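Commentary on secondary and tertiary structure
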Amino acid sequence: MSILIDRNTKVMTQGITGKTGQFHTRMCREYANGKSCFVAGVNPKKPGESYEGIPISATVKEAKERTGATASVIYVPPPFAAAAIDEAVEAGLDLVICITEGIPVRDMIRTRYRMQGKKTLLVGPNCPGVITPDEIKIGIMPGHIHKKGPIGVVSRSGTLTYEAVGQLAELGLGQSSCVGIGGDPVNGLKHIDVLRLFNDDAETEAVIMVGEIGGSDEETAARWVKRNMRKPVVGFIAGVTAPPGKRMGHAGAIISGGRGTAQEKLAVMEECGIRITRNPAEMGRLLKSVLK
Amino acid sequence: MDLEEAEGKRVLAEAGIAVPPGELCADAEAAAAAAERLGPCAIKAQVPAGKRGKAGGVRLVDNVADARAAAEAILGMEIAGHRVSRVLVEKRADIAQELYVAVLNDVESRAPLILFSATGGMDIEDNPEALIRIPVDIMQGVERKQIFSRVQDDDVSDVLARLYDIYARTDAELVEINPLARLRGGGLLALDCKLTIDDAALYRQPGLAGRGAREKLSALEERGRELGLKYIELPGDIGVLANGAGLTMTTMDVIEHYGGAPANFLEIGGEAYTKATAALELVLANPRVKSLIVNFCGAFARTDVMAEGVVRAWETLQPTLPVFFSVHGTGEEEAVRLIRERLELEPFDRMEDAVRAAVAAAR
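Residues numbered from 1 in each chain as written. Chains lettered and ligands numbered in written order. Predicted model: local features only at pLDDT ≥ 70, side-chain atom pairs only at ≥ 80, totals over all residues. Heavy atoms only, no water.

**Regarding the environment of Asp2(B)**
Inspection of the secondary structure puts Asp2(B) in strand S1 (residues 2-3). Looking at Asp2(B), its side chain comes within polar contact range of the side chain of Thr196(B), at 2.8 Å. (Helix = DSSP H or I, 4+ residues; strand = E, 2+ residues; numbered from the N terminus. Polar contact = N/O pair within 3.5 Å; in protein donor to acceptor, adjacent residues only side chain to side chain.)

**Quick word on the state of the cysteines**
All names here are of chain B. Overall, the coordinates contain zero disulfides over all chains when judged by the stated rule. Cysteine Cys 193 remains unbridged, with the sulfur of Cys 25 as its closest cysteine sulfur at 19 Å. Classification of Cys 193 as buried rests on a relative accessible area of 5%. (Disulfide = S-S within 2.5 Å. Buried < 20%, exposed > 50% of the residue type's maximum accessible area, 1.4 Å probe, protein only.)

**As for unusual backbone geometry**
For the bond from Gly124(A) to Pro125(A), the omega torsion is 10°, close enough to zero to count as cis. Within the fold, Pro125(A) resides in the loop between strand S7 (121-123) and strand S8 (129-132). Asn178(B) connects to Pro179(B) through a cis peptide bond whose omega is 5°. Among the secondary structure elements, Pro179(B) is positioned in strand S11 (residues 172-183). Even without a glycine there, the phi angle at Glu52(A) is positive, about 45°. As for its position among the elements, Glu52(A) is in the loop between strand S3 (50-51) and strand S4 (54-57). In this structure Glu52(A) comes out as partly exposed when scored by relative accessible area, which is 41%. At Arg110(B), a residue that is not glycine, the phi angle is positive and equals roughly 50°.

**A word on the domain arrangement of chain A**
All names here are of chain A. Parsing chain A into structural domains produces domain 1 (11-123) and domain 2 (141-291). Here the C-alpha centre of domain 2 lies 26 Å away from the C-alpha centre of domain 1. Carbon and sulfur atoms supply 67% of the area that domain 1 and domain 2 bury against each other, a total of about 830 Å² over both sides. Across the contact surface, domain 1 and domain 2 share zero salt bridges. Inspection of the region where domain 1 meets domain 2 yields two residue pairs in polar contact (both at pLDDT 80 or more). Listed by contribution, the elements that provide at least two residues to the side of domain 1 that touches domain 2 are helix H5 (105-115) and S7. A per-class count over the side of domain 1 that touches domain 2 returns eight nonpolar, no polar and two charged. (Domains from an automatic or database assignment. Buried area = accessible area lost by both parts, 1.4 Å probe. Salt bridge = Lys/Arg side-chain N within 4 Å of Asp/Glu carboxyl O. Nonpolar A, V, L, I, M, F, W, Y, C, P; charged D, E, K, R; others polar.)

**Some thoughts on the sheet that holds strand S7 (residues 87-91) of chain B**
Consider a sheet: its strands pair through backbone hydrogen bonds, and that pairing is either parallel or antiparallel. Residue and element names in this part refer to chain B. Ordered in space as S2-S7-S3-S4, the four strands form an open sheet in which the pairing is antiparallel. Of all strands in the sheet, those bounded by a partner on one side alone are strand S2 (22-25) and strand S4 (58-61). For this sheet, the mean inter-axis angle between neighbouring strands, taken without regard to orientation, is 20°. Pairing of strand S3 (residues 41-45) with S4, which is carried by four bridges, proceeds in the antiparallel orientation. In the sheet register, Ile 43 faces S4, and the bridge partner there is Arg 59. Contacting S2, S3 and S7, helix H1 (residues 5-14) crosses the sheet at an angle of about 45° to S7. Against the sheet, helix H3 (residues 64-74) touches S3, S4 and S7, its axis set at about 170° to S4. (Pairing = 2+ DSSP bridges. Axes fitted to C-alpha atoms, helices over the stretch in contact; angles between N-to-C directions. Contact = heavy atoms within 4.5 Å.)

**Comments concerning the side chain of Glu352(B)**
Within the fold, Glu352(B) resides in helix H12 (residues 351-362). Relative accessible area serves as the criterion here: at 3%, Glu352(B) is assigned to the buried category. Side chain to side chain, Glu352(B) and Tyr258(B) meet in a polar contact 2.6 Å long. Sequence-distant contacts of Glu352(B), that is, excluding residues within four places in its chain, are made with Asn279(A), Ala281(A), Glu282(A), Arg285(A) and Tyr258(B).

**Section: the packing of helix H2 (residues 28-38) of chain B against H3(B)**
Residue and element names in this part refer to chain B. Where H2 meets H3, the axes come as close as 8 Å, and the angle between the chain directions of the two elements is 145°. Helix-helix and strand crossings are classified by hand; for H2 and H3 the assignment is right-handed. Note on element contacts: H3 touches H2 through Val 64, Ala 67, Arg 68, Ala 71 and Glu 72, opposite Ala 28, Glu 29, Ala 31, Ala 32, Ala 35 and Glu 36. Looking at the contact of H2 with H3 residue by residue, the classes come out as seven nonpolar, no polar and four charged. (Left-handed = near helix turned anticlockwise from the far one by under 90°.)

**A few points about helix H10 (residues 303-317) of chain B**
All names here are of chain B. Taking 1.5 Å of rise per residue, the 15 residues of H10 would be expected to cover 21 Å, and the 21 Å separating its terminal C-alpha atoms lies within 8% of that figure. The set of residues buried in H10 consists of Thr 303, Asp 304, Met 306, Ala 307, Gly 309, Val 310, Val 311, Ala 313 and Trp 314. Against the buried residues of H10 lie strand S15 (238-242), helix H9 (276-284), strand S17 (291-298), strand S18 (323-329) and helix H11 (332-343). In the segment just after H10, Gln 318 is the residue with positive phi, at about 45°. (Expected span 1.5 Å × (residues − 1).)

**Notes on the interface of chain A and chain B**
On the side of chain B, 50 residues touch chain A, which itself brings 53 residues to the contact. Both faces combined, the contact of chain A with chain B buries some 4,200 Å², and carbon together with sulfur accounts for 60% of it. Taken together, the links from chain A to chain B amount to two salt bridges. Its salt-bridge partner being Glu352(B), residue Arg285(A) comes within 2.9 Å of it at the nearest N-O pair. Every element with two or more residues in the side of chain A that touches chain B is listed here: helix H1 (19-30), H5, helix H6 (158-170) and strand S13 (233-238) of chain A. Its residues assigned to classes, the side of chain A that touches chain B shows 24 nonpolar, 14 polar and 15 charged.

**Considering helix H8 (residues 245-257) of chain B**
Residues and elements named next belong to chain B. Between its first and last C-alpha, H8 extends 18 Å over 13 residues, near the 18 Å set by a 1.5 Å rise per residue. With respect to burial, H8 is a largely interior element, eleven of its 13 residues being buried. When we look at burial in H8, the residues that qualify are Ala 245, Gly 246, Leu 247, Thr 248, Met 249, Thr 250, Thr 251, Met 252, Asp 253, Val 254 and Ile 255. Within two residues after H8, Gly 259 carries a phi angle of roughly 85°, on the positive side.

**Looking at the domain arrangement of chain B**
The domains assigned to chain B are domain 1 (22-91), domain 2 (95-209) and domain 3 (219-362). Between domain 2 of chain B and domain 3 of chain B, the C-alpha centre-to-centre distance is 43 Å.

**A look at the pattern of salt bridges**
Residues and elements named next belong to chain B. Under the defined criterion, the tally for this structure stands at 48 salt bridges over all chains. In this structure, Glu 29 and Arg 68 form a salt bridge, with 2.9 Å as the shortest nitrogen-oxygen distance. Highlighted residues: Glu 29 in helix H2 and Arg 68 in helix H3, separated in sequence by 39 residues. The shortest N-O distance in the salt bridge between Asp 353 and Arg 350 comes to 3.2 Å. The class of Arg 350 is partly exposed, set by a relative accessible area of 25%. Three or more residues joined by partner-sharing salt bridges are found here, namely Glu 5, Lys 9, Lys 44, Arg 52, Glu 90 and Asp 192.

**Observations regarding the sheet that holds S13(A)**
All names here are of chain A. Taking strand neighbours across the sheet as the criterion, the seven strands line up as S9-S8-S11-S10-S12-S13-S14 in an open arrangement whose pairing is mixed. Taken across any chain shown, the strands that pair with only one partner, and hence form the sheet edges, are strand S9 (136-139) and strand S14 (275-276). With five bridges connecting them, strand S10 (residues 148-155) and strand S12 (residues 206-212) associate as parallel partners. Note that in S12 the partner of Val 154 across the bridge is Met 209.

Here you go:
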């Protein structure tokens, strides 16, 4: 078991003809079962062409009908990325993973509005993607550092996810799935949504949750954990030393009005029974200590 | 991107919201001349920061001599780290009541939000319960009568509808008028304006892109911006070069955890990972830096390309300070080989150990 994706997931790449889309589609195909997972590409101007044997369709709908793909990954440039999400939602895909960074907030507000009542799950934007080790990776994370195992990882920061995974590997702990939810303020799945999925996943025994300053998603998730989570969760928040009000690269990571600080998030998480560490180098060891 | 008050008011005026007559002045003489034309006026520091009044950056004057003196006092003042180089000289209004109005992207509800308070002014933050919140359907927009049903005031509804149009048209994260003055003679007048545009949307706001307030940047930060790098100078003595905002913030957190202090934030994530050479030069240009931690964890960013950039810069600059590497992810083997062979250094397996070494070396 795993969450969101497994070896049988069929994926299309939106933006497959761009440099980034091509490079990462190739990397994803080379990972585990990738060859049979990545089955389609979309570019409205290049239908009928192909990339390394992957057929390109003009629209998501066509690609879905032609190949049976139910998930998509988006590398489309920021001005067009929200529309790419909309198209995938409209076509009724199960899962859309948007890697693109720098989508205007208003575009994402509109897209989230259009998603109401639709079945599509969105991961990102501005995220590294999702990986189920030894089965499939959809996104830009380095595949080789992951291995299969019982730990779920959910994170707002890409690089910190890799750091957590690296520490787990050092302790011999693999992952069920790792989900990068992205650093943008208006996005798809939040910590709480991914924790729910891990809670219901038979293979996942414990979860590492990596947050960031800004917003209140970590606090919301922590309160849910207190009431509902049957598995241990350990947490870390990046940005304890970030100067207030300075933008540190993620639009979501802005401290405002004393809310959303790392200290406040850590305090709420601890109150709710999440074991926290203030030293990110300890994430792996802390998790190991809570395993039954 | 923030607009200064005077620029923000131009946007308000273009949208049909009344603002006081005023002139932007760079010296006390110009301010005095403006006051002569305008009569009793307010002299207001132009900096992209709030609480200017509380900082002494706003003065009310009745005559030309006072206007000159006030401008002299305010120009050159430092407010929230910004040096005041211009003042707005504005005709004073006869105020009966101070209101508060704003429209913003509300991240919690993932929707635009209109705010109104009948008690605006300097202490708005102390009266959160007086705030009326009107969530807006982003597809439908908002109609005047819908606003009226909540605020029960024709003039305010009109201003809020126009403010919503500005918000929607300019890709604003926030547009705020505080105070919005109700005049004794009737009518409303915007006495201040805060307008923040979503940086990600600037590409489609060509008319506004060049009108933003200059951020307060140190010389090094200015250089970072010219190089297209997000560099923030910090008071510590340990230089930080990492990729990705999360990893960079975390590296800073670990430095503090072990009793050190970072000298900078510098992100070379995304496409910027190819700029490692320029980035290292920038970090080393800070004279306070006593040791350096290089922490790469690559996925999209290739650690071998970043390491190559760092090694090349190191060979060119030949700095004498101690440097500690931790490298993981895409291209790791090649990156480690480069660092070993060309710098004769051994990267640390764990970031924690590299940081501890850098903290110890800076002492």
